[in-house]
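# Observations on chain architecture
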Amino acid sequence: MKRSRNVKIVATLGPASETYETIRALHEAGADVFRLNMSHGSHPEIAEKHKIIRQVEQDLDSPIAILADLQGPKLRVGVFANGEEELEEGAKFRLDLDEAEGDVSRVCLPHPEIFQALEPGAHLLVNDGKIRLVVDGCGEDFADCTVETGGTISNRKGVNVPDVVLPLAALSEKDRADLEFVCSLGVDWLALSFVQRAKDVFEARALADGRAAVLSKIEKPQAVEDFEAILDASDGIMVARGDLGVELPVAAVPPIQKRLVRKCRAAAKPVIVATQMLESMIESPMPTRAEVSDVATAIYEGTDAIMLSAESAAGQYPVQAVETMDRVATEVEADPTYTQIITASRSAKGTTVADGIVAAAREIAEKTEIKAICCFTQSGTTALLTARERPGVPIIALTAVEATARRLCLSWGCKCVMTPMLTRFKGAVVSAARAARSGGFAEETDQIVVTAGVPFNVPGTTNILRIAPCDERLIYSTDPE
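The structure reproduced in this document is the subject of the present report. Every value quoted in this text rests on a predicted model; they were computed, and no experiment measured them.

Taken in spatial order, the eight strands close into a barrel running 1-2-3-12-13-14-15-16, and their pairing is parallel. With direction set aside, neighbouring strand axes in the sheet form an average angle of 25 degrees. Of the pairings in the sheet, the one linking strand 15 (residues 271–274) to strand 16 (residues 305–308) comprises two bridges and is parallel in character. Bridging from a neighbouring strand, Val273 pairs with Ile306 of strand 16. The strands touched by helix 9 (residues 253–266) are strand 13 (213–218), strand 14 (236–240) and strand 15; relative to strand 15, the strand with the most contacts, the crossing angle is about 160 degrees. Running over the sheet, helix 12 (residues 318–333) touches strand 1 (8–13) and strand 16 and is turned about 155 degrees from strand 16.

As structure tokens, this is what we get:
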């Protein structure tokens, strides 16, 4: 489907968006990627959503990416005899492995790994950081704490441990089972939660074994510190601002977001900015001005995608939330300031032939009347390099590989078109011209830039740049075989 914007929209599916009609309406409204949250829903329920998405894709003849978001290990306190207790600032409170019901002085924390890693002075955050505990002393099965910030603590509330690297794998047993299940279904992206270091990513990649691309969620301070290695190991990144804003001071999150987005762009790897982007639209048909500004800021930064969570999964106005994001993106990208910011933030990267060709394609397109850049890609790399340039004209990514077309739905500006397996350059140019015309990006009298690799159908061989007419008669009379 033709979009009037380059940034992509990720919509999470849930109880408010599980029917064919709603999922189709979300895609038509602007959702390019659908997120399946593995924290919610059984395998049969996930399989049904996957089936519906693929049916919408077929009915609309429009590639759609599916992102399966793995839950990751969940750290939670146990239960209380009274269901909840009120912790006062300055009070003493113990966490331990005793499974007895808790009270105002203690509760079970059934995670011995935490006690193994804790040191005096470390912080424990409960219930999304609403309660802050500082460790006074600890052992292999307990932590004696002082309440820094009090509040109500209740059964099975989540615990964050921001100050130490926990000896926990990013993949729990549930995650491993979920990963195998969604890869067998045929999802395009895996979002990996609780990433602390690059080796967490390598483990997921080994299990996926090429069946899905791996996207690392940056939600822990340790991931920010080791970001370069994590980025290198990943196919994409999600700036998961929810937990990141719990484990770090909230004022630190905006500059971190900006730095991570720029690093992802320089590496030619897609990045999603996520969490609470249009939070009020869970219950309201209109977002707040601050939320609209937040969405716009992420777009001005050059992010590949912006994401809806509960807004589309459980909210009352899922389609309207997508439409709002679409309108904001369209407005921002039409702003001359957006072009100035994107141009100013462009940095030369790479020394390969492909790097030089995509940079030249962007420059030629911006300085002439070229209507689109058409790149033939087997693995998706050429399209990703082209997207890194953030050209001022549409990027039409042509591929014979269905998985590549779907994965590129997450990348900035990529309009994905399936094409037959090609063996001759002239046929490639003709296919590019037809895609540009049929997609409404160019007329017969216009010109396009075509990039490709010879020999065809071999990843990493981009070595040709051609300025081509959209008139097929001119192509047949002038182009070499």
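Looking now at helix 10 (residues 289–300). Under the 1.5 Å per step criterion, the end-to-end length of helix 10 is 16 Å for 12 residues, consistent within 8% with the ideal 16 Å. Here helix 10 has its buried residues at Glu291, Val295, Ala296, Ala298 and Ile299. Buried residues of helix 10, viewed axially, fall in a sector of 160 degrees; they line one side. Among the exposed residues of helix 10, those pointing more than 90 degrees away from its buried face are Arg289 and Ala290. Tucked into the core, helix 10 has its buried residues touching helix 9, strand 15, strand 16, helix 12 and helix 13 (336–344). Positioned one or two residues after helix 10, Gly302 has a phi angle of 95 degrees, which is positive.

Okay, the packing of aromatic side chains next. The full count for this structure, using the stated rule, is one aromatic pair. An angle of 55 degrees between the planes, with centres 6.2 Å apart, marks the rings of Tyr300 and Tyr338 as tilted. With a gap of 38 residues between them, Tyr300 in helix 10 and Tyr338 in helix 13 connect regions that are remote in the sequence. Looking at Tyr338, the relative accessible area reads 5%, which means it is buried.

We now examine the pairing of strand 15. In the case of a regular strand, side chains alternate between the two sheet surfaces. The alternating pattern of strand 15 places Val271 and Val273 and Ile272 and Ala274 on opposite faces, both of which are buried. Pairing analysis gives four bridges linking strand 14 to strand 15, with the strands arranged parallel. Within the sheet, the bridge partner assigned to Ile237 lies in strand 15 and is Val271. Each parallel crossover has a hand, and for strand 15 linked through helix 10 to strand 16 it is right-handed.

Turning our eyes to something else, we now look at the nonpolar core. One finds Phe34, Leu190, Met238, Ile272, Ile299 and Ile306 to be the most contacted residues of the largest nonpolar core, which totals 96 residues. Tallying contributions element by element places helix 12 first for this core, with six residues. In terms of nonpolar packing, the next biggest core, distinct from the first, is built from 28 residues, Leu87, Leu95, Val161 and Phe194 among them.

For Val147, the location among the structural elements is in strand 9 (residues 142–149). Spatially, the C-alpha atom of Val147 lies 6.6 Å from that of Val134, the residues being 13 residues apart in sequence. With residues near it in sequence (within four places) discarded, Val147 still touches Leu87, Glu88, Glu89, Gly90, Ala91, Phe93, Arg132 and Leu133.

This paragraph deals with the side chain of Glu247. Positionally, Glu247 belongs in helix 8 (residues 241–247). At a separation of 3.0 Å, a polar atom in the side chain of Glu247 contacts the side chain of Lys220. Beyond its immediate sequence surroundings of up to four residues, Glu247 is in contact with Leu125, Asn160, Val161, Pro162, Glu219, Lys220 and Pro221.

What follows deals with the pairing of strand 9. In this structure, strand 5 (residues 92–96) lies alongside strand 9, joined through five bridges in antiparallel fashion. Bridge pairing links Asp96 to Phe142 in strand 9. Relative to strand 9, strand 8 (residues 131–139) is paired through seven bridges, and the arrangement is antiparallel. In the sheet register, Val135 faces strand 9, and the bridge partner there is Cys145. Hairpin connection between strand 8 and strand 9: a loop of two residues separates the two successive antiparallel strands.

With that out of the way, let us pick up the pattern of salt bridges. Enumeration according to the criterion identifies 34 salt bridges in this entry. Put simply, Glu57 and Arg54 hold a salt bridge, and the shortest N to O gap is 3.3 Å. Highlighted residues: Glu57 and Arg54, both in helix 2 (residues 43–60), separated by three residues, approximately one helical turn. What makes Glu57 buried here is its relative accessible area of 10%. Residue classification places Arg54 among the buried positions, given a relative accessible area of 12%. Residue Lys217 pairs with Asp69 through a salt bridge whose shortest N-O separation is 3.0 Å. Placement of the pair is Lys217 in strand 13 and Asp69 in strand 3 (residues 65–69), with a sequence separation of 148 residues.

All told, the structure shown has zero disulfides when counted by the stated rule. Unpaired in this structure, Cys374 has its nearest cysteine sulfur neighbour in Cys470, at a distance of 7.3 Å. The structure places no disulfide on Cys375, whose sulfur is separated from the nearest cysteine sulfur, that of Cys414, by 6.2 Å.

What counts and what doesn't
Every chain is numbered independently, its residues counted from 1 as its sequence is written. Totals for whole chains, interfaces and linings use all residues, but because this is a predicted model, local features are given only for residues with pLDDT of at least 70 and pairs of side-chain atoms are given and counted only at 80 or more. The side-chain numbers reported here are obtained from all heavy atoms of the structure, hydrogens and water having been left aside. Pairing between two strands is assigned when DSSP locates at least 2 bridges connecting them. For the purposes of this entry, the term helix denotes a DSSP run of H or I that reaches at least four residues, the term strand denotes a run of E that reaches at least two, and both are numbered from the N terminus. What counts as an axis is a line fitted to C-alpha atoms, over the stretch in contact for a helix, and the angles between N-to-C directions run from 0 to 180 degrees. Two residues form a contact once any of their heavy atoms are found within 4.5 Å. Given a helix with a known number of residues, its expected span is that number minus one, times 1.5 Å. When a residue's accessible area, from a 1.4 Å probe over protein chains only, is under 20% of the maximum for its type it is buried; when over 50% it is exposed; and in between it is partly exposed. Arc definition: it is the arc formed by the directions from the helix axis to the C-beta atoms. Two aromatic rings from Phe, Tyr or Trp, using only the six-membered ring of Trp, form a pair when their centres are within 6.5 Å; if the ring planes differ by under 30 degrees the pair is stacked, by over 60 it is edge-to-face, and anything between is tilted. Looking down the strands as they point away from the viewer, one classifies a crossover as right-handed if the path from the first strand across the helix to the second runs clockwise. Side-chain atoms within 4.5 Å link the members of a nonpolar core, which is a set of buried Ala, Val, Leu, Ile, Met, Phe, Trp, Tyr and Cys residues. In the analysis that follows, any N or O atom pair within 3.5 Å is treated as a polar contact, provided that within protein one partner can donate a hydrogen and the other can accept it, and provided that, for residues neighboring in sequence, both atoms belong to side chains. Salt bridge, as used here, is a side-chain nitrogen of Lys or Arg placed within 4 Å of a carboxyl oxygen of Asp or Glu. Defined by distance alone, a disulfide is two cysteine sulfur atoms within 2.5 Å.

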